[in-house]
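Below, each chain spelled out in residue letters.
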Amino acid sequence: MTTVERGTRRLRATSDVRWGTDRLPPDRRGAAGLLHVLGGHRRAFALSVLFGILNQGCGTAANVLGAVTVVAALTGSSAGRLWTLAAVTFALVVVRAAATWLEAWVSHELSFRILADLRQWLFWAFERIAPGGLVRARTGDLASRALHDSESLEIFYAHTSIYLAVAAVLPPASVAALAFLAPWPALALVPWLVAAASVPLWLRARGTRQGRRVRELTARINVEVVDLVQGLREIVSFGAGDRRLAGLAEAGDRLAAAQRGQAARGGLETALGGLLVSGGTLSVLGTGVWLASRGSMPVERLAPAVVLAAGSFGPITTLLNVTRVWGITSSAADRVFDVLEAPAPVPDNGLTVLPDAPGPLEIVFEGVGFRYADQGPRVLDGVDLTVPAGATVALAGATGAGKSTLAHLLLRWFDPQHGRITLGGVDLRDLPRVELTRLVGHVPQDVFLFHDTLAANLELAAPGTDAARLRQARDDARVTPFLERLPDGLDTVVGERGARLSGGERQRVAVARALLKDSPVLVLDESSSQLDVLSERELQTALDRVRTGRTTLVIAHRLSTLRGADLVAVLDRGRITDIGSHTDLFARCAPYRSLVKAQADAAALLAAGLAGRPDPHREQEGGEHA
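Residues numbered from 1 in each chain as written. Predicted model: local features only at pLDDT ≥ 70, side-chain atom pairs only at ≥ 80, totals over all residues. Heavy atoms only, no water.

### Brief notes about the overall build of the protein
Quick reminder of the rule: Only runs of H or I of at least four residues qualify as helices and only runs of E of at least two qualify as strands under DSSP, and these elements are numbered from the N terminus. Classification of residues uses two cut-offs on accessible area relative to the type maximum, computed with a 1.4 Å probe and protein chains only: under 20% is buried, over 50% is exposed, and between them is partly exposed. The contact criterion used is simple: two residues touch if any of their non-hydrogen atoms lie within 4.5 Å. Every accessible area reported is derived by Shrake-Rupley at a probe size of 1.4 Å, with residue values counting cover from the shown protein chains alone.
Each helix and strand counted, the protein has 26 helices and 10 strands in total. Relative to its full complement of 626 residues, the protein shows a buried share of 46%. Summarising the internal contacts of the protein: among those between residues at least 6 apart in sequence, 78% fall at separations of at least 24. Surface accessibility of the protein: about 30100 Å² in total, with carbon and sulfur atoms responsible for 59%.

### Quick word on the packing of aromatic side chains
Both the distance between ring centres and the angle between the ring planes are used here to describe each pair of aromatic rings. Keep this limit in mind: Stacked, tilted and edge-to-face are the three classes assigned to paired rings of Phe, Tyr and Trp, where Trp is represented by its six-membered ring and a pair needs centres within 6.5 Å; plane angles under 30 degrees give stacked, over 60 edge-to-face, the rest tilted.
Per the stated rule, a full pass over the model turns up seven aromatic pairs. Taken together, a centroid distance of 5.4 Å and an interplanar angle of 90° make the contact between Tyr 372 and Phe 414 edge-to-face. Placement of Tyr 372 in the loop between β1 (363-370) and β2 (380-387) and of Phe 414 in the loop between α16 (403-410) and β4 (418-423) is noted, with a sequence separation of 42 residues between them. With a relative accessible area of 14%, Phe 414 lands in the buried category. The structure contains a cluster of three or more aromatic residues connected by ring pairs, namely Phe 370, Tyr 372 and Phe 414.

### Side note on the sheet that holds strand β7 (residues 521-525)
Counted only if it meets this: A pair of strands is treated as paired once DSSP finds two or more bridges between them. Only the stretch in contact is used when fitting a helix axis, every axis being a line fitted to C-alpha atoms; angles between N-to-C directions are given from 0 to 180 degrees.
Across the sheet, which stays open at both edges, the six strands sit in the order β6-β7-β8-β3-β9-β10 with mixed pairing between neighbours. In this open sheet, the two edge strands, each paired with only one partner strand, are β6 (440-443) and β10 (575-580). Each strand axis lies, on average, 20° off the axis of its neighbour in the sheet, ignoring direction. For strand β3 (residues 392-396) and strand β9 (residues 567-572), the ladder comprises four bridges, and the chain directions are parallel.

### So, the pattern of salt bridges
We count it as follows: Whenever Lys or Arg places a side-chain nitrogen within 4 Å of a carboxyl oxygen from Asp or Glu, that contact is recorded as a salt bridge.
Under the criterion given, the structure shown has 13 salt bridges. A salt bridge links Arg 575 to Asp 381; the shortest N-O distance between them is 2.8 Å. Of this pair, Arg 575 sits in strand β10 while Asp 381 is found in strand β2, placing the two residues 194 residues apart along the sequence. Here Asp 381 falls in the partly exposed class, since its relative accessible area comes to 26%. For Glu 505, the salt bridge identified is with Arg 485, shortest N-O distance 2.6 Å. Of this pair, Glu 505 sits in helix α21 (residues 503-517) while Arg 485 sits in the loop between α20 (480-483) and α21, placing them 20 residues apart in sequence. Judged by relative accessible area, Glu 505 falls into the buried class, the value being 9%. Under the relative-accessibility criterion, Arg 485 is labelled partly exposed at 47%.

### Quick word on helix α4 (residues 42-74)
In plain terms, the rule: What a helix should span is 1.5 Å times the count of its residues minus one.
Helix length check: α4 (33 residues) gives 47 Å between terminal C-alpha atoms against 48 Å at 1.5 Å per residue, within 8%. Taken from the residues just after α4, Gly 76 is the one with a positive phi, measuring 80°.

### Some thoughts on the nonpolar core
Note the following rule: Each nonpolar core is a collection of buried residues, namely Ala, Val, Leu, Ile, Met, Phe, Trp, Tyr and Cys, held together in the definition by side-chain atoms within 4.5 Å.
Core analysis: the largest hydrophobic core is formed by 54 residues, its most contacted members being Leu 34, Leu 118, Leu 153, Tyr 157, Leu 178, Leu 189 and Leu 340. It is helix α7 (residues 154-181) that provides the largest number of residues to this core, a total of nine residues.

### Quick word on the packing of helix α19 (residues 467-476) against α21
To be explicit about the condition: Roughly parallel means an angle under 35 degrees; roughly antiparallel means over 145; roughly perpendicular covers 65 to 115; every other angle is labelled oblique. Left-handed describes a crossing whose near helix is turned anticlockwise from the far helix through less than a right angle; right-handed describes the clockwise counterpart.
Contact geometry for α19 and α21: axes closest at 8 Å, N-to-C directions at 135°. One finds that α19 runs oblique with respect to α21. Pair α19 / α21 crosses with right-handed handedness. Contact residues: Arg 469, Leu 470, Ala 473 and Asp 476 in α19; Ala 512, Leu 515, Leu 516 and Lys 517 in α21.

### Regarding the side chain of Gln 262
Along the polypeptide, Gln 262 turns up in helix α12 (residues 241-293). If we ignore the near neighbours within four places in the chain, the residues touching Gln 262 are Gln 210, Val 214, Arg 324, Val 325 and Ile 328.

### Points about the sheet that holds β1
The strand order across the open sheet formed by four strands is β2-β1-β4-β5, and the pairing between neighbours is antiparallel. Strands at the two margins of the open sheet, each flanked by one partner only, are β2 and β5 (426-427). Alignment of β1 against β4, held across five bridges, turns out to be antiparallel. The residue bridging Phe 365 from the neighbouring strand is Ile 421, located in β4. Strand contacts of α16: β1, β2 and β4, with the helix running at about 115° to β1, the strand carrying the most contacts.

### Overview of the pairing of β9
Across five bridges, the pairing between β9 and β10 is antiparallel. Counterpart to Val 570 in the pairing with β10 is Asp 578. The loop that links β9 with its antiparallel partner β10 comprises two residues; one of these, Arg 573, has a positive phi angle of about 50°.

### Remarks on the environment of Thr 287
Examined against the element boundaries, Thr 287 turns out to sit in helix α12. Thr 287 gets classed as buried once you look at its relative accessible area, which sits at 19%. Between the alpha carbons of Thr 287 and Ala 182 there is a distance of 9.6 Å; along the sequence they are 105 residues apart.

### Points about a nonpolar patch on the surface
Here is the rule we go by: Patches here: salt-bridge-free residues with over 30% relative accessible area, like charges joined within 9 Å, nonpolar side chains (Val, Leu, Ile, Met, Phe, Trp, Tyr) joined within 5 Å.
On the surface, a nonpolar cluster with roughly 290 Å² of combined accessible area is contributed by Leu 47, Leu 50, Leu 54 and Val 95. The element that contributes the greatest number of residues to the nonpolar patch is α4, accounting for three residues. Along the polypeptide, Leu 54 turns up in helix α4. Residue classification places Leu 54 among the partly exposed positions, given a relative accessible area of 32%.

### Observations concerning the confidence of the model for the protein
Inclusion rule: Confidence scores here are pLDDT values: one per residue, from the predictor, ranging 0 to 100.
For the protein, per-residue confidence averages 80 on the pLDDT scale, and 86% of positions sit at 70 or higher. The low-confidence segment residues 1-24, where pLDDT is below 50, has 34 contacts with residues more than four positions distant or belonging to other chains. The model gives residues 615-626 a pLDDT under 50, and that stretch makes 17 contacts with residues more than four places away or in other chains.

### Points about unusual backbone geometry
Of note in the backbone geometry, Arg 412 takes a positive phi value of approximately 60° without being a glycine. Relative to the helices and strands, Arg 412 resides in the loop between α16 and β4. Of the residues examined, Arg 412 reaches a relative accessible area of 8% and is grouped as buried. Even without glycine at this site, Arg 573 takes up a positive phi of about 50°.

What follows is the structure, encoded as structure tokens:
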């Protein structure tokens, strides 16, 4: 199989899962987008509409036959005819009961299937645009779109869409049936039906504004709550609880005011709908009485005609009950589709796939220039850097020099505006995203652990890994030593974001995951930044093992990391000003020498501050310190 064929197969394996995002046209919004998604479930939708028609139609027919039966009884019809009418009425009631159940079942099944699809599409959308496309996004807002906004669409798919179709079929059919009984009352009913059906359009603009306001304020509440929970330690530490709660209460008051306005408009729509239903029924009654008094219509048709006129409003009334919140539904749909249709920060159209075990790969940055915004400052300016296959290159420089940006470009969170980056001689843009993920491992500065067992967090990098390999990775990453203090060992639930582990322990877990993933290229992002100088040695030993046989790019802020690198590249304001070994740079490069001395002074101060503490390494290692 050729390289291109293997790449195409991998792309197909992923594109089949996220077809929904590709099918949504870029201009689909609100009702158009909702109906577009509904188009993929035509059979279930048709069944829901059928059962909705049977539900409402049989209900109206049963009421009309009930009226016919009463009139027949009052006019002295035979017992046989009365029993026949009663039996047919009872059958209609049974059919309506079954249709009501089936409508609820099928419509909610349809709705929940669509919501499941939407959540899957949202996941793939997040995966497609992350992490570069989510840099400025807030966690609470993303969670609100994925959960609350998508859940709000259930009303449309389980109710609104179905009764739009039912209301388009049954009222005209009712008018036709009424015209058969009494043409003039049917004509009198038509304008009232049209007016009732158009009620949602009368206040549509206001409803849309109110719905958008309610969704925005709801999302803001979610953002505030997530921030409060995530920052609870800092809030308590600085005694800021009252201020944060006051802000949350203010946001809640604004949301309540918006909801009151939305409810008032919904109540007005309900009142208008009820008024039109009563007016339509009374118009038929008045017209029928006038015609019956003149002998132009049989009196026995009056009661069935009035009942039929009232029943013709049933689907419209049901529709009005769910369209009161149409503004919220439409706004929620816009927010969901905004995510589904958000462009990826980098295109994923590469087809080149490297061999399964390519070995260490050379990394080359060629004239790389990058800025985060079109009119923003240039973060990288003509960077030329080669990381030899199997070598470790550390990036050194002051904060803001461009070290992290260079690493993020290698991970392809973004693409450079100028120049290119190659991996094993292949431009990163020619590699499918899944292939780049396979080739490049990442140990981030801020390690994320799921609220799950330690074993599950380790196996995230290699699901189904065997016990021997897992044990070797634990040992090499120095995870094994702190397992003894955990109550359940590998089965210990580490807490949200790994709260039960220290910062250094979380980083060792990240190193173990990198070992399990076994990528030929590794990016270490300040991987020892959370360790004190006494325990840094353990992680440095683990890093030495994880770098063996791999090409490694390290963002270094620690002297030990700089010393252990094969080469050190010094960055200043987006340019590489010098490159060489630690010893050579220290001898000839004044800015590098100043940087190293500053780090050494900071380490000495920290060591002096810890001098009075018991050293757990002293007894084990003969009193030597890192």
